[in-house]
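These are the residues of each chain, in order.
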Amino acid sequence: MNKKEINEIKKNLSTDSGLFSIGKVLSAFVDSEKNIVYQSTSLYNLLPSDEAELILENLRKTLSGTLGKNLREYAFPKEQYDEDGAQSFLYKVLESKLENDELNAELVNRLAQSCISTTAVFAAHCTYSVLKKNKMDETTDEADFDYSFIIAAICPVELRSDGLVFNDDNGKIEKKATFDRIVGTPSDGILFPVFSDRAPDVNSVMHYTKTYKKPNVSFVENTLGCEFTMSAVSEKAAFHKILSNVASDELDYDLITCVNEKIREYVDSTAYETEPATVDAGRMKTILWESGIPQDKLDLVPKVFESATDQKPLIASNLVERKTVVEAEGITVNISKASADKVTTQTIGGRRCLVIELDDEVSVNGMSVN
């Protein structure tokens, strides 16, 4: 799925959309020992309105975030099409429309298995009427087909006491006597099948993670049975490794900021593309060449790139730094994009120095100084 397709589904995943309908909704509570304490299935329209709205809000959150960071599409390996495989199982759930209690219990078990805490699971069977598009890529008023999908949210549950509360019965402020189990926002989620080229594709599943810097690898590998791709943090680490090994002794402030700016320009130039921009060995070589890396070092790029990434392209936006941070013992200097050219490194009196060009107005601890 690309950005346009994700936004199309998310936009219409609402009771205000005449193209969207939601059938059965599955709700479950799983304790820290992986026991299903509570499980219920109901038609969405029969749920209390405030409860239904909160469930739908959690489901919509599993389509939020950035593609390539919070949202990643995974193709099922061949073995997951076997009878007990993840693809085969999810297809059965899709076909059942959440009307099979045994399949529903298995779905809850699988989704909660890779979670480390008490968990609430919400899943829904939904239908989106896909409108036809004309030759101008504009939607018409005629429906082409119905896209049927399962969307699920896995939400951590926090045992919490809010401390002092006002008691309406006695008119006093007093300590709350009980603890509430508060359902948090989704930590993980799935959409199956994916909506690719504005059509269902049962060969892949979309995975959502709230914390893309620390994704739930076990969920992807064990629950979905897919090969985990590098997280945004891992991609940046691989990029740093490539740059260090290729540039070696030429790696300095000017080169690092220049490479960062070249990648930023590439990301900006592809901002309106539906697919996230990626950096492969060829693109990396071009960026380093434009940054002034000599040819003998550029020849190292293919081998170094393969070693660091296993030949998998990196998502360009995951490599860009929003600001330049220069650190030494006891010192941290944050430099915005617009001011990167005001900072240089020089050797003064035999010592390496960071030289910052200052404007007329300078403040220290919020106070203006001369």
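Everything quoted here is computed from the prediction, not taken from an experiment. Here the residue index of a chain counts from 1 through its sequence in written order. For a predicted model such as this one, the threshold for reporting local features is a pLDDT of at least 70, and the threshold for listing and counting side-chain atom pairs is 80 or more; totals across whole chains, interfaces and linings nevertheless cover every residue. Only hydrogens and water are set aside; all other atoms, that is, all heavy atoms of the structure, feed into the side-chain values.

Visitor: Lay out a nonpolar patch on the surface in plain terms, naming residues and giving numbers.
Guide: A contiguous nonpolar surface patch, about 380 Å² in accessible area, is contributed by Leu164, Phe166 and Ile173. Numbering of helices and strands starts at the N terminus; helices are DSSP runs of H or I of at least 4 residues and strands are runs of E of at least 2. Within the secondary structure layout, Phe166 lies in strand S6 (residues 164-167). Phe166 sits in the exposed class, given a relative accessible area of 52%. Patch criteria: residues need more than 30% relative accessible area and no salt bridge. Like-charged residues are merged within 9 Å; nonpolar side chains of Val, Leu, Ile, Met, Phe, Trp and Tyr are merged within 5 Å. Per-residue accessibility takes into account occlusion by the displayed protein chains alone, with areas from the Shrake-Rupley method and a 1.4 Å probe. In the sections that follow, a salt bridge refers to a side-chain nitrogen of Lys or Arg positioned within 4 Å of a carboxyl oxygen of Asp or Glu. Partly exposed residues are those whose accessible area sits between 20% and 50% of the maximum for their type, while under 20% is buried and over 50% is exposed, using a 1.4 Å probe and protein chains only.

Visitor: Could you give an account of the packing of aromatic side chains, with specific residues and numbers?
Guide: What characterises a pair of aromatic rings is the spacing of the ring centres plus the angle enclosed by the ring planes. Any two of the Phe, Tyr and Trp rings considered here, Trp counted by its six-membered ring, make a pair once their centres fall within 6.5 Å; the pair's planes then place it as stacked at under 30 degrees, edge-to-face at over 60, or tilted in between. Here the structure, examined in full by the defined rule, presents four aromatic pairs. Ring geometry for Phe76 and Phe192: centres 6.1 Å apart, planes at 75°, overall edge-to-face. Linking Phe76 in the loop between strand S3 (71-75) and helix H3 (86-96) with Phe192 in strand S9 (residues 188-192), this pair joins segments that are 116 residues apart in sequence. Take Phe192: its relative accessible area is 0%, and that puts it in the buried class. With a centroid separation of 4.9 Å and an interplanar angle of 35°, the aromatic rings of Tyr147 and Phe195 are classed as tilted. Here Phe195 lies in strand S10 (residues 194-196) and Tyr147 lies in strand S5 (residues 139-160), a separation of 48 residues in the sequence. Each member of the pair, Tyr147 together with Phe195, is buried.

Visitor: Outline the packing of helix H7 (residues 253-269) against helix H8 (residues 281-290), supporting the account with residue identities and numerical values.
Guide: A fitted line through C-alpha atoms represents every axis, and for helices the fit uses only the stretch in contact; the resulting angles, taken between N-to-C directions, go from 0 to 180 degrees. Contact geometry of H7 with H8 gives a least axis separation of 9 Å together with a crossing angle of 125°. By the criterion of interaxial angle, the relationship of H7 to H8 is oblique. Crossing hand, H7 versus H8: right-handed. Contact residues: H7 offers Val259, Lys262, Ile263 and Tyr266, while H8 offers Arg283, Ile287, Leu288 and Glu290. When an angle is under 35 degrees it counts as roughly parallel; over 145 it counts as roughly antiparallel; between 65 and 115 it counts as roughly perpendicular; any other value is oblique. Each crossing gets its handedness from the near helix: less than a right angle anticlockwise from the far helix is left-handed, clockwise is right-handed. By the convention used here, residues are in contact when the closest approach between their heavy atoms is within 4.5 Å.

Visitor: How would you explain empty space enclosed by the protein if you had to name every residue and give the values?
Guide: In this analysis a 1.4 Å probe is tested at points of a 1 Å grid over the protein atoms alone, and where it fits but cannot get out there is a cavity; an open set with protein on both sides within 12 Å along at least five of seven lines is a pocket; lining residues have an atom within 4 Å of a point. Grid points are joined across faces, edges and corners, and a volume is the space filled by probe spheres set on the points. Applying the stated criterion across every chain, the model contains two cavities of 30 Å³ or more. Empty space within the largest cavity amounts to approximately 70 Å³. In terms of lining residues, the largest cavity is bounded by Lys69, Arg72, Tyr74, His207, Thr209, Tyr212, Pro215, Phe228, Thr229, Met230, Ser231 and Ala232. Those elements that provide at least two residues to the lining of the largest cavity are S3 and strand S12 (204-209). Class assignment for the residues of the lining of the largest cavity results in six nonpolar, four polar and two charged. Put simply, the second largest cavity is a space of about 60 Å³. When residues are grouped by polarity, Ala, Val, Leu, Ile, Met, Phe, Trp, Tyr, Cys and Pro land in nonpolar, Asp, Glu, Lys and Arg in charged, and all others, Gly among them, in polar.

Visitor: Describe in detail the layout of surface pockets, supporting the description with residues and values.
Guide: Quantified by volume, the largest pocket comes out at close to 880 Å³. Lining the largest pocket we find 28 residues, and of these Tyr253, Ile256, Val325, Val326 and Glu327 sit closest to its centre. Breaking the lining of the largest pocket down by element, the ones donating at least two residues are helix H6 (232-247), H7, strand S15 (323-328), strand S16 (331-336), strand S17 (343-348) and strand S18 (351-356). In terms of residues, the lining of the largest pocket owes the most to one element, S15, which gives six residues. The calculated volume of the second largest pocket comes to roughly 600 Å³. Lining of the second largest pocket is provided by 26 residues; of these, Arg72, Glu73, Tyr74, Thr229 and Ile315 occupy positions nearest its centre.

Visitor: Just give me the short version of the nonpolar core, but keep the residues and values in it.
Guide: The nonpolar core is taken to be a set of buried Ala, Val, Leu, Ile, Met, Phe, Trp, Tyr and Cys residues, with the residues joined through side-chain atoms within 4.5 Å. Ranked by internal contacts, the top residues of the largest apolar core, which has 34 residues, are Phe149 and Ile151. At the level of elements, helix H1 (3-12), strand S1 (20-30), helix H2 (49-61), strand S4 (119-133), S5, S10 and S12 are the ones that each hand at least two residues to this core. Setting aside residues up to four positions removed in sequence, Ile151 forms contacts with Leu13, Leu59, Thr62, Leu63, Phe122, Ala123, Ala124, Cys126, Ile190 and Leu191. With 30 residues, the next largest nonpolar core counts Val30, Phe76, Leu98 and Ile154 among its residues.

Visitor: An account of H6 is needed here, citing residue identities and associated values.
Guide: Between the first and last residue of a helix there are one fewer steps than residues, each counted as 1.5 Å, and that sum is the expected span. Look at H6: 22 Å from first C-alpha to last across 16 residues, which is about the 22 Å you get at 1.5 Å a residue. Buried positions along H6 lie against S3, H7, H8, helix H9 (295-298), helix H10 (301-309) and strand S14 (314-315). Of the residues flanking the end of H6, it is Ser248, one or two places downstream, whose phi is positive at about 45°.

Visitor: Account for the environment of Leu243, with residues named and values stated.
Guide: Mapped onto the fold, Leu243 is located in helix H6. Leu243 sits 16 residues away from Val259 along the chain, and the two C-alpha atoms are 9.2 Å apart. Here Leu243 is in contact with Ser248, Leu251, Val259 and Leu288, once residues within four sequence places are set aside.

Visitor: Provide a residue-level description of the pairing of S1, including the pertinent values.
Guide: Sheet faces and side chains relate simply in a regular strand, where the side chains alternate between the two faces. Burial analysis of S1 places eight of its 11 residues in the buried class, the great majority of the element. Only when DSSP finds a minimum of two bridges between them are two strands counted as paired. Alignment of S1 against S4, held across nine bridges, turns out to be antiparallel. Considered in S4, the bridge of Leu26 is made with Ala123. Note that S1 and strand S2 (residues 36-43) share seven bridges and pair antiparallel. Residue pairing across strands places Ser27 opposite Ser40, the latter belonging to S2.

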